[in-house]
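Understanding the architecture of this molecule
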Amino acid sequence: MEGKVVVITGATSGIGQVAAEKLAGLGARLVLVARDKARGEATLARLAAIAPGVAHSIHYADLSRVAQMKQVAAEIAAAEPRLDVLINNAGALFGSRQVTEDGLELTFATNHLSYFVLTDGLRQRLLASAPSRAINTSSDAHGRARLDFDDLQSARDYGGFKVYGRSKLCNILFTRELARRLAGTGVTANCLHPGFVDTRFGDHSGGAFSYVIRLAKPFAISPEKGAQTLVYLASSPEAENVSGQYFYKCRPAAPSPAAQDDAAARRLWLESARLAGVEP
Ligand SMILES: NC(=O)c1ccc[n+]([C@@H]2O[C@H](COP(=O)([O-])OP(=O)(O)OC[C@H]3O[C@@H](n4cnc5c(N)ncnc54)[C@H](OP(=O)(O)O)[C@@H]3O)[C@@H](O)[C@H]2O)c1
């Protein structure tokens, strides 16, 4: 990864943080997108300690807000003429339904639309830097999820885990459509399930989920293990020509039938572009 530039979201904690550290250890220069100054500076300091002399950098954005998704993508595109790997990894689960000032349900905005908008804003940089890679952190929580295009904001039917699962289904459908659109350009798009990982995930979800996750965490794998597939997809020569796949334990795996629905993937793309106000 010597000399390569990696943009990553959600690297102030958990899986993303370990992945950023590993990639810095392999020689990459990291460009972080974070919302919290103290955690952002702490992550940057750890990266500096791993790779002194490499100019890792950070941009701040609340990735639940459309204007900030666009702004941070524009800032990075202006600052970084080349981009070898984009890792969309930030995510959360919310026990109760919340709506952003954009009128979007918070899980959908944070976990799916931020991936879509950031990738859209950095697409030209990825294309110009090919061979390059886009990687989206999904989850096996997508397994039972179904998308209702008449209620993408889950206004009629909200459950924290259910809506989280839908957002992770969106990650896979988005990856498939992105890979289809990028075919032949040298830019690959893949997604992954990291495993059940002991991170800060769920700690602030509220409601029953935080309680259940606290009970389950002793059975979770370490963030080091959880970051392995992400690091593999970002750095492995083996993964260089693979695109449109869902990975688990560094191998392609079959996602749910709903996650293999190419018509739904196309429709989600168009709907996401409309909601975000970007060219489809
Ligand atoms: N842990 C698991 O078992 C598991 C399993 C499957 C998939 N995943 C997925 O793995 C990814 C990483 O999760 P994790 O387990 O590492 O959880 P985590 O420790 O809670 O880390 C989540 C990261 O996302 C960032 N983030 C959340 N909302 C944001 C927002 N609005 N704007 C900017 N950044 C935001 C957090 O920033 P702050 O530091 O500011 O909070 C943090 O850096 C997520 O996409 C999650 O869905 C996790």
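Please read all numbers here as calculations on a predicted model, not as lab measurements. The numbers attached to residues start from 1 for each chain and follow its sequence in the written order. Predicted model: local features are reported for residues with pLDDT of at least 70 only, side-chain atom pairs are reported and counted for 80 or more only, and whole-chain, interface and lining totals are derived from all residues. Excluding hydrogens and water, the side-chain figures rest on all heavy atoms present in the structure.

Thoughts on the packing of aromatic side chains
Pairing of aromatic rings covers Phe, Tyr and the six-membered ring of Trp, with a centre-to-centre limit of 6.5 Å; geometry is then stacked below 30 degrees between planes, edge-to-face above 60, and tilted otherwise. Under the criterion given, the structure shown has eight aromatic pairs. Seen from their ring centres, Phe116 and Trp269 are 5.0 Å apart, and the 80° between their planes marks the pair as edge-to-face. Separated by 153 residues along the polypeptide, Phe116 in helix α4 (residues 106-128) and Trp269 in helix α9 (residues 262-276) bring together distant segments of the chain. Using a 1.4 Å probe on the protein chains alone, a residue whose accessible area is under 20% of its type maximum counts as buried, one over 50% counts as exposed, and one in between counts as partly exposed. When its relative accessible area of 2% is taken as the criterion, Phe116 is described as buried. Judged by relative accessible area, which is 7%, Trp269 ranks as buried. Among the aromatic residues, those joined into a ring-pair cluster are Phe161, Tyr164, Phe201 and Phe209. Working definition: helices are DSSP H or I runs of at least four residues, strands are E runs of at least two. Numbering for both runs from the N terminus.

Re the environment of Arg146
Relative to the helices and strands, Arg146 resides in the loop between β5 (132-137) and α5 (160-182). Given the relative accessible area of 53%, Arg146 is considered exposed. The spacing of Arg146 and Leu169 is 23 residues in sequence and 7.7 Å in space, taken between C-alpha atoms. By definition, residues are in contact when any of their heavy atoms lie within 4.5 Å. Those residues within four positions of Arg146 in sequence are excluded, and the remaining contacts are Arg166, Leu169 and Ala258.

Brief notes about the side chain of Thr119
You can see Thr119 is positioned in helix α4. Residue Thr119 is classed as buried on the basis of its relative accessible area, which comes to 4%. Leave out the neighbours within four places in its chain, and Thr119 touches Leu86, Asn88, Phe174 and Leu178.

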